[in-house]
Amino acid sequence: MIEYLTLEMIDQTTDAVRSRIQAPPRLGLILGSGLGGLASAVEDAVSISVTELPNWPVSTVPGHVGRLVAGKLEGQTALVLQGRTHFYEGYSMAHITLPVRVMQRLGVEILIVTNAAGAVNPTFEPGELMLITDHLNLVGMAGHSPLRGPNLDELGPRFPDMSRAYDRELCALARQVAKEHRLVLREGVYACLAGPSFETPADLRFLRSIGVDAVGMSTVPEVTVARHGGIRVLGISGISNKANLDGDTITTHEEVLLAGEKITPQLITLIRGVLKRL
Ligand code: HPA
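Residues numbered from 1 in each chain as written. Predicted model: local features only at pLDDT ≥ 70, side-chain atom pairs only at ≥ 80, totals over all residues. Heavy atoms only, no water.

Asker: Whenever I open this one, the pattern of salt bridges confuses me. Can you help?
Answerer: If charged atoms from side chains of opposite charge come close, those side chains can pair. Applying the stated criterion across every chain, the model contains 14 salt bridges. Residue Arg26 pairs with Glu109 through a salt bridge whose shortest N-O separation is 3.0 Å. You can see Arg26 sitting in the loop between α1 (7-18) and β1 (27-31) and its partner Glu109 sitting in the loop between α3 (98-106) and β5 (110-119), a full 83 residues away along the chain. The exposure class of Arg26 is partly exposed, given its relative accessible area of 27%. Between Glu125 and Lys242 there is a salt bridge, with its nearest N and O atoms 3.3 Å apart. With Glu125 in the loop between β5 and β6 (129-136) and Lys242 in strand β9 (residues 232-242), the pair connects residues that are 117 residues apart, well separated along the chain. For Lys242, a relative accessible area of 32% puts it in the partly exposed group. Sharing partners across several salt bridges, the network here consists of Asp167, Glu169 and Arg232. (Salt bridge = Lys/Arg side-chain N within 4 Å of Asp/Glu carboxyl O. Helix = DSSP H or I, 4+ residues; strand = E, 2+ residues; numbered from the N terminus. Buried < 20%, exposed > 50% of the residue type's maximum accessible area, 1.4 Å probe, protein only.)

Here it is, written out as structure tokens:
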């Protein structure tokens, strides 16, 4: 078990990626469950299987293929991670965020994180997009932060500010694009739970009462590390299911993946639109 990352470890993985790609990426993109289709939008693509990279936390989850795709998106150099790794798979918080550290070392300035999420806000519908305006770091509050352990001062400060985790300018661009393309873009607070079990109705009523709009099992560790490293973040949830606040419906991973396929075209439109305006 890799509990903490060292700079040597990060740079070993970074060098392996650097040796395979043509240009340093300005943009990082992490694709959530069922949203991997976005990787096909990358031009001049070089694809790297993450199993070829030293130290990489390889994902075991269906719907997460484990590929890095480097190339261009709307003229921007980009590195796209198709298939993230989750805490519930057994890796440490620091280890699952190695991809963000690699992006930071390669010079990424903007990270776009996407995920599939359950709608806790009763007005949200499956198939809609939600702009993440803030998050609730429940797992971090319980002690599991990717920044726990010795601080790597070369990468960021011991106590990073999180008051504007989701970049206001990027949020404004996303709103503009959604309006122009008539996309439904909800907004709200994303809560990260450790999973892998979905929530009980009581969990969900609790989340609703503390101001959560959408719930999932990812993103927050990556955003925490990105902000520590000074990377600007745009976060988008694809609402895959209505959370089961009354216990009348069940949630399955298959449902989440299927919804992702429907959401992908809207997500591509939104992200392309934002990139055009950068
Ligand atoms: N709960 C937690 N994670 C999820 C959900 C959900 O309902 N949908 C997609 N990811």
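Asker: Is there a simple way to explain the layout of surface pockets in this structure?
Answerer: Over the atoms, a rolling probe the size of a water molecule traces out where space has been left empty. Its boundaries defined by the atoms lining it, the largest pocket holds a volume of some 360 Å³. In terms of lining residues, the largest pocket is bounded by 24 residues, among which Ala116, Phe198, Met217, His253 and Val256 are the most central. Mapped by element, the contributors of at least two residues to the lining of the largest pocket are β5, β8 (214-216), β9 and α8 (253-276). Sorting elements by how many residues they give to the lining of the largest pocket places β5 first, with four residues. Across the lining of the largest pocket, the residue classes tally to 11 nonpolar, 11 polar and two charged. In this structure, the second largest pocket encloses a volume near 190 Å³. Lining the second largest pocket, in full, are His135, Asn137, Ser145, Leu147, Arg148, Arg158, Phe159, Pro160, Met162 and Thr224. Residue composition of the lining of the second largest pocket, by class: four nonpolar, four polar and two charged. (1 Å grid on protein atoms, 1.4 Å probe; cavity = no way out; pocket = protein on both sides within 12 Å on 5 of 7 lines; lining within 4 Å. Points joined across faces, edges and corners; volume = space filled by probe spheres on them. Nonpolar A, V, L, I, M, F, W, Y, C, P; charged D, E, K, R; others polar.)

Asker: Is there a simple way to think about the side chain of Asn121 in this case?
Answerer: Within the secondary structure, Asn121 is located in the loop between β5 and β6. Since its relative accessible area comes to 11%, Asn121 is described here as buried. Excluding anything up to four places from it in sequence, Asn121 contacts Arg208, Val212 and Asp213. (Contact = heavy atoms within 4.5 Å.)

Asker: Could you clarify how one ought to interpret helix α7 (residues 220-228) in this entry?
Answerer: Since the α-helix packs 3.6 residues into each turn, any two residues three or four apart lie on the same face. Extensive coverage of α7 is indicated by the burial of eight of its nine residues. Listed as buried for α7 are Val220, Pro221, Glu222, Val223, Thr224, Val225, Ala226 and His228. Positioned one or two residues after α7, Gly230 has a phi angle of 75 degrees, which is positive.

Asker: Which parts of the structure should I look at to understand empty space enclosed by the protein?
Answerer: Summed over the entire model, instances satisfying the criterion amount to two cavities of 30 Å³ or more. By volume, the largest cavity amounts to about 160 Å³. Along its surface, the largest cavity is lined by 17 residues, and Leu5, Arg101, Pro146, Pro150 and Leu152 are the ones closest to its centre. Across the lining of the largest cavity, the residue classes break down as 10 nonpolar, four polar and three charged. Roughly 70 Å³ of volume is contained in the second largest cavity. In terms of lining, the second largest cavity is formed by 16 residues, of which the most central are Phe87, Ile96, Met217, Ser218 and Pro221. Mapped onto the lining of the second largest cavity, the elements with two or more residues apiece are α2 (93-96) and α7. Classifying every residue of the lining of the second largest cavity gives 10 nonpolar, four polar and two charged.

Asker: Teacher, can you tell me more about the nonpolar core here?
Answerer: It is characteristic of soluble globular proteins that their nonpolar side chains tend to be buried jointly. Counting 82 residues, the largest nonpolar core has Val17, Leu68 and Leu270 as the members making the most contacts within it. The leading source of residues in this core is α8, at eight residues. Excluding its chain neighbours within four sequence positions, the residues that come into contact with Leu68 are Val17, Val46, Ser47, Ile48, Val50, Leu53, Trp56, Leu79, Val80 and Leu81. With nine residues, the next largest nonpolar core counts Val120, Leu136, Ala191 and Val215 among its residues. (Core = buried A, V, L, I, M, F, W, Y, C linked by side-chain atoms within 4.5 Å.)

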